[in-house]
Amino acid sequence: MHDQWIKRDVKRVWHGFTQMSVFEEMSPIVVQAAEGPYLIDVDDKKYLDAISSLWVTTIGHNNNEINEAISIQVNKVCHSTLLGNTNTAIIELSEALTEIVPVVDPHFLYASDGAASVEQALKIAFQYWLNIGISQRSTFLTLTSGYHGDTIGSLSLGDSGFGTSIFDPLKFNTIRTPGYSSENWLYRAILELEANYNSLAAVVIEPLVQGASGMYIADPLQITELVKVAQDLGIIVIADEVATGFGRTGSYFASDLCNIKPDIICLGKGLTAGYLPMSVTVVSNRIYEAFLGKDLSQKTFYHGHSFSGNPVCAAAAKKHIEILQRDKIVESVPSKARFLKNELDRKIKKLTEVSEIRQIGLMVGVELKLKGEPGLAGRKVCAECVKRGVLMRPLGDVVVLMPHLNFTQEHISKMVSVLAQSISKVF
Ligand SMILES: Cc1ncc(COP(=O)(O)O)c(C=O)c1O
């Protein structure tokens, strides 16, 4: 079955971040179903989803309660626009999110992908200053190794990586200071904030962990300090929690661990438990109020997407929050993270082919020593994992482990053992 499906796929489907000429050789799996921690392929083989389907799945696949919430909403209405109108599902979701997001008196602007939520955030920050009569605050402070998505705006805030530097001529400039892997990143960022606050619209960070560049982790107190300096200077703080939101770091949001209240937070990926595409830009009341004014005036935020506030996505997201709260799932993450750390210490740390393990909560990057062309070792190790029934995908030579929040100890153990076997096999 597998080969036939792959043949049909390569004839018509174009996969992102994938060289299609070698797609067939990269041991792609063809998923036809899923259950809990497993994805099931067309030959009924099960794969442990160790990357949470690209960091989105939080409480497992095919959860009855989420499926039911989706189904109930589908039978009411699948979509109606949020431009100038509203729907009950999005109102209920916004009220539920209000209880958990670390933003003061929050307001919610919805979109479908993480990149779109970042795009909205940067446009909101830019227009905020114009709306309050200040025209020169239009640049952004961003970090080396940051990643915020692939639209031109979010790409501009991010540091070029994964071959995206080809788009550099399309990007706008930002003031860029070193990322979390640099010892003096905080000092350098503060220097630039202080030197440029008159021209800065916002500082954009991935709080606590720069995920996509390879899981580089900052001390929470450093993030607290950066945000304090920026907010004291009146600079808007945009926290991109697309990857860290909804429990991955051991708290609902990384901002909670850093004890910060960003002015704007971007959420996506795990918002709907990873079931449906929905993202949101959350802004504090101070920002929101700057957009209030006369009808048809320039104060309005002239931005919106066709599927913004989709009620089916909203129903899934609301049920997801209910389950997280009822079953205290986020509260269980720190002990799972400790178990995962022990497993990594026992089975991976000793391997001479591993140069570093970086972990925060249930987000892990295992950096491999270079073997041949950069990226090749990561690719080969993950292919071996897939052969052994564990789905992994590397970031260059960093193997990412991103278990669902409700993986059992047995699942975590298997994931780490298979990684150890695969590293040994490849090297
Ligand atoms: C921190 C961060 N921001 C934004 C994005 C982009 O999200 P999406 O792929 O949903 O556009 C990602 C994706 O990995 C991310 O990690």
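From a predicted model like this one, the values you see are computed outputs, not experimental measurements.

(A) Quick look at the site of the ligand. Neighbouring residues of the ligand: Asp113, Gly114, Ala115, Tyr147, His148, Gly149, Glu206, Asp240, Val242, Ala243 and Lys269. One of the backbone N or O atoms of Gly114 is found 2.8 Å from an oxygen atom in the ligand. Within the side chain of Lys269, a nitrogen or oxygen atom sits 3.1 Å from an oxygen atom of the ligand. Its residues assigned to classes, the shell around the ligand shows four nonpolar, three polar and four charged.

(B) Here's a closer look at the nonpolar core. Leu97, Ile348, Met392, Met415 and Leu419 are the most contacted members of the largest nonpolar core, which totals 66 residues. Taken together, domain 1 (2-58 + 329-426) and domain 2 (67-326) each give at least three residues to this core, which thus spans both. For Leu419, the residues in contact, after removing those within four places along its chain, are Ile348, Val366, Val381, Cys385, Met392, Val399 and Leu401. Judged by nonpolar contacts, the second largest core, of 36 residues, contains Val209, Leu226, Val237 and Ala254.

(C) Structural context of the pattern of salt bridges. Enumeration according to the criterion identifies 16 salt bridges in this entry. Arg346 is paired through a salt bridge with Glu343; the nearest N and O atoms lie 2.9 Å apart. Pair noted here: Arg346 and Glu343 are both in helix H12 (residues 333-347), with a separation of three residues, about one helical turn. The class of Arg346 is exposed, set by a relative accessible area of 52%. Through salt bridges with shared partners, a single ionic network connects Glu92, Lys318, Lys319 and Glu322.

(D) Layout of the environment of Ser181. Here Ser181 shows up in the loop between strand S6 (175-177) and helix H7 (185-196). In this structure Ser181 comes out as exposed when scored by relative accessible area, which is 52%. Residues Ser181 and Thr144 lie 37 residues apart in sequence; the distance between their C-alpha atoms is 9.1 Å.

(E) Representation of the sheet that holds strand S10 (residues 236-240). Strand order in the open sheet formed by seven strands is S4-S12-S11-S10-S7-S5-S6, with mixed pairing between adjacent strands. Of all strands in the sheet, those with a lone pairing partner are strand S4 (107-111) and S6, marking the two edges. Direction aside, neighbouring strands of the sheet carry axes that sit 20° apart on average. In the packing of H7 onto the sheet, contacts are made with strand S5 (139-143), S6 and strand S7 (200-205), and the angle to S6 comes to roughly 155°.

(F) Up close: the pairing of strand S13 (residues 354-360). Relative to strand S14 (residues 363-368), S13 runs antiparallel, the two sharing six bridges. Bridging from a neighbouring strand, Ile357 pairs with Val366 of S14. Counted between consecutive antiparallel strands, the loop separating S13 from S14 contains two residues, among which Gly361 sits at a positive phi close to 55°.

(G) Expanded view of the packing of aromatic side chains. The final tally for this structure, using the stated rule, is six aromatic pairs. Summarising the aromatic geometry, the rings of Phe140 and Phe172 are spaced 6.2 Å apart at their centres and angled 40° between planes, so their arrangement reads as tilted. Of this pair, Phe140 sits in strand S5 while Phe172 sits in the loop between helix H6 (152-157) and S6, and the two are 32 residues apart along the sequence. Residue classification places Phe140 among the buried residues on the basis of a relative accessible area of 3%. On the basis of relative accessibility, which here comes to 32%, the residue Phe172 falls in the partly exposed class. Where Phe291 meets Phe301, the ring centres are 5.8 Å apart and the plane angle is 85°; that geometry is what we call edge-to-face.

(H) Here's a closer look at the domain arrangement of the chain. Segmenting the chain into domains produces domain 1 (2-58 + 329-426) and domain 2 (67-326). The straight-line distance from the C-alpha centre of domain 1 to that of domain 2 is 27 Å. Carbon and sulfur atoms supply 68% of the area buried between domain 1 and domain 2, which totals about 2,300 Å² over both sides. Inspection of the region where domain 1 meets domain 2 yields zero salt bridges. For the pair domain 1 and domain 2, the number of links is 12 residue pairs in polar contact (both at pLDDT 80 or more). Ranked by the residues each element gives to the side of domain 1 that touches domain 2, the list is headed by S14, at four residues. In terms of residue class, the side of domain 1 that touches domain 2 is made up of 18 nonpolar, seven polar and three charged.

(I) Spotlight on the sheet that holds S14. Judged by pairing direction, the sheet is antiparallel, and its four strands sit side by side in the order S13-S14-S17-S16 without closing on themselves. Both outer strands of the open sheet, S13 and strand S16 (394-395), are each paired with one neighbouring strand and no more. Contacting S13, S14 and strand S17 (398-401), helix H14 (residues 409-426) crosses the sheet at an angle of about 165° to S17.

(J) Unusual backbone geometry, seen in detail. Even without being a glycine, Asp44 presents a positive backbone phi close to 65°. Note that Asp44 resides in the loop between strand S2 (38-41) and strand S3 (46-49). What makes Asp44 exposed here is its relative accessible area of 56%. Of note, Met215 is a non-glycine position whose phi angle comes to about 65°, a positive value. Turning to its location among the elements, Met215 is positioned in the loop between strand S8 (209-210) and strand S9 (216-217).

(K) A look at the packing of helix H13 (residues 376-387) against H14. Closest axis-to-axis distance for the H13/H14 pair is 8 Å, and the angle between their directions is 125°. Here H13 lies oblique to H14, going by the angle between them. In this structure, H13 meets H14 at a crossing whose hand is right-handed. Between H13 and H14, the contacting residues are Lys380, Val381, Glu384 and Cys385 on the first element and Val418, Leu419, Ser422, Ile423, Lys425 and Val426 on the second. Counted by class, the contact of H13 with H14 contains six nonpolar, one polar and three charged residues.

Definitions and cut-offs
- Residues numbered from 1 in each chain as written.
- Predicted model: local features only at pLDDT ≥ 70, side-chain atom pairs only at ≥ 80, totals over all residues.
- Heavy atoms only, no water.
- Near = heavy atom within 4 Å.
- Polar contact = N/O pair within 3.5 Å; in protein donor to acceptor, adjacent residues only side chain to side chain.
- Nonpolar A, V, L, I, M, F, W, Y, C, P; charged D, E, K, R; others polar.
- Core = buried A, V, L, I, M, F, W, Y, C linked by side-chain atoms within 4.5 Å.
- Buried < 20%, exposed > 50% of the residue type's maximum accessible area, 1.4 Å probe, protein only.
- Domains from an automatic or database assignment.
- Contact = heavy atoms within 4.5 Å.
- Salt bridge = Lys/Arg side-chain N within 4 Å of Asp/Glu carboxyl O.
- Helix = DSSP H or I, 4+ residues; strand = E, 2+ residues; numbered from the N terminus.
- Pairing = 2+ DSSP bridges.
- Axes fitted to C-alpha atoms, helices over the stretch in contact; angles between N-to-C directions.
- Phe/Tyr/Trp six-rings, centres within 6.5 Å; stacked < 30°, edge-to-face > 60°.
- Buried area = accessible area lost by both parts, 1.4 Å probe.
- Parallel < 35°, antiparallel > 145°, perpendicular 65-115°, else oblique.
- Left-handed = near helix turned anticlockwise from the far one by under 90°.

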